[in-house]
Amino acid sequence: MRRKTHKISGSARAAFMASGCAVGLLLLSGCSNNIQVRGNLPDPEIVGEIETGVHSRRQVAERLGSPSAISTFEDRKWYYVGQKTTQFAFFEPEVLERNVLVVTFDGTGKVDETKAYTLADGQVVDIVSRTTPTEGRELTLLQQIFGNLGSNVPGSILGGGVESQRPR
């Protein structure tokens, strides 16, 4: 018995190779470095123009935009926070740049002080892994599943309890 062989024409082969290359490039583009900028990264030249005792809150907001956060208990401090990260494929993102600008205002609403912090000024904070104990018993899975059996009043499951609540 002879096997039939199918020959692929040159143009079909070229189209197949081109589509294979296109799919390969599309898959590789998902692995490219992805740079993301989040938050508010004010221009250092504009920050340098802000003078203490001269500029008001409104003028600072006009130059730098609205702050990322305002201090919780008093609105004397404005925080401008921004960072630039890169990520390759599915790996953890890497922080390239992080800037925090703190603008402090005095009682009259004028700039009292500006401080700039970078990634080098940051500190790693260890998260506490303790758990808070709760009152009560520890129940197993079976105790949780079958714990309510027999706790219902007879007749209330099928609606018998409704008739006892009707006015007579």
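Preceding block: the structure.
Predicted, not measured: the structure shown is a model, and the values here were computed from it.

## Some points on the overall build of the chain
Okay, so step 1: For the chain, the count of helices and strands is five helices and five strands.
Okay, so step 2: The secondary structure elements of the chain, listed N-terminal to C-terminal, are α-β-α-α-β-β-β-β-α-α.
Okay, so step 3: Residue burial in the chain is summarised as follows: out of 168 residues, 12% are buried.
Okay, so step 4: Sequence separation of 24 or more characterises 44% of the internal contacts of the chain that already satisfy a separation of 6 or more.

## Section: the pairing of strand β3 (residues 77-88)
Okay, so step 1: As judged from the two bridges shared by strand β2 (residues 69-70) and β3, these two strands associate in the antiparallel manner. By the bridge assignment, Ile70 is partnered in β3 with Trp78.
Okay, so step 2: Here β2 folds back onto β3 in antiparallel fashion, the turn holding six residues.
Okay, so step 3: Here β3 pairs with strand β4 (residues 94-105) via 10 bridges, running antiparallel. Looking at the pairing, Gln83 lines up with Arg98 of β4.
Okay, so step 4: In textbook terms, the turn of a hairpin is the stretch between consecutive antiparallel strands, and for β3 and β4 this stretch comprises five residues, one of which, Ala89, has a positive phi near 55°.

## Remarks on the pattern of salt bridges
Okay, so step 1: Per the counting criterion, the structure on display carries six salt bridges.
Okay, so step 2: Residue Arg58 pairs with Glu62 through a salt bridge whose shortest N-O separation is 2.8 Å. Of this pair, Arg58 and Glu62 both sit in helix α3 (residues 57-64), four residues apart, which is roughly one turn of the helix.
Okay, so step 3: Overall, Arg58 belongs to the exposed group, its relative accessible area being 54%.
Okay, so step 4: Glu62 sits in the exposed class, given a relative accessible area of 56%.
Okay, so step 5: One salt bridge in this structure joins Glu113 and Lys115, with 3.9 Å as the shortest N-O distance.
Okay, so step 6: For Glu113, a relative accessible area of 35% translates into the label partly exposed.

## Considerations on the layout of surface pockets
Okay, so step 1: Reported here for the largest pocket is a volume of approximately 170 Å³.
Okay, so step 2: Lining the largest pocket we find Asn40, Leu41, Pro42, Pro44, Val47, Tyr80, Glu97, Asn99, Val100, Leu101, Ala116 and Tyr117.
Okay, so step 3: Those elements giving two or more residues to the lining of the largest pocket turn out to be α2 (44-49), β4 and β5 (111-118).
Okay, so step 4: Top contributing element to the lining of the largest pocket by residue count: β4, with four residues.

## Some details on the nonpolar core
Okay, so step 1: Counting 10 residues, the largest nonpolar core is built from Val47, Ile50, Val60, Leu64, Trp78, Tyr80, Leu101, Val103, Phe105 and Val111.
Okay, so step 2: When contributions to this core are tallied by element, the ones reaching two or more residues are α3, β3 and β4.
Okay, so step 3: Sorting elements by how many residues they give to this core places β4 first, with three residues.

## Re the environment of Val54
Okay, so step 1: Residue placement: Val54 occurs in the loop between α2 and α3.
Okay, so step 2: Overall, Val54 belongs to the partly exposed group, its relative accessible area being 42%.
Okay, so step 3: Between the C-alpha atom of Val54 and that of Asp112, which follows or precedes it by 58 residues, the distance is 9.0 Å.
Okay, so step 4: Apart from residues no more than four positions distant in its own chain, Val54 is found in contact with Gln59 and Lys110.

## Side note on the side chain of His55
Okay, so step 1: As for its position among the elements, His55 is in the loop between α2 and α3.
Okay, so step 2: In this structure His55 comes out as buried when scored by relative accessible area, which is 7%.
Okay, so step 3: Here the side chain of His55 touches Arg63 through a polar contact of 3.3 Å, side chain to side chain.
Okay, so step 4: Apart from the residues within four sequence positions on either side, His55 is in contact with Glu49, Ile50, Val60, Arg63, Gly109, Lys110 and Val111.

Criteria and cut-off values
The residue numbers shown here count from 1 along each chain, following its written sequence. Totals for whole chains, interfaces and linings use all residues, but because this is a predicted model, local features are given only for residues with pLDDT of at least 70 and pairs of side-chain atoms are given and counted only at 80 or more. Here the side-chain values reflect all heavy atoms present in the structure, with hydrogen atoms and water set aside. Only DSSP runs of H or I with at least four residues qualify as helices, and only runs of E with at least two residues qualify as strands; both kinds are numbered from the N terminus onward. Burial classification: accessible surface area is computed with a 1.4 Å probe over protein chains only, and a residue below 20% of its type maximum counts as buried, one above 50% as exposed, and the rest as partly exposed. Contacts are assigned to residue pairs with any non-hydrogen atoms lying within 4.5 Å of each other. Between any two strands, at least two bridges found by DSSP are needed for them to pair. A carboxyl oxygen of Asp or Glu within 4 Å of a side-chain nitrogen of Lys or Arg is what we treat as a salt bridge. A cavity here means a set of 1 Å grid points, computed over protein atoms only, where a 1.4 Å probe fits but cannot escape. A pocket is an open set with protein on both sides within 12 Å along at least 5 of 7 lines, and lining residues have an atom within 4 Å of a point. Grid points are joined across faces, edges and corners, and a volume is the space filled by probe spheres set on the points. As used here, the term nonpolar core means buried Ala, Val, Leu, Ile, Met, Phe, Trp, Tyr and Cys residues forming a set that is joined through side-chain atoms within 4.5 Å. N or O atoms closer than or at 3.5 Å make up a polar contact, with two conditions inside protein: a donor-capable atom paired with an acceptor-capable one, and, for residues adjacent in sequence, both atoms drawn from side chains.

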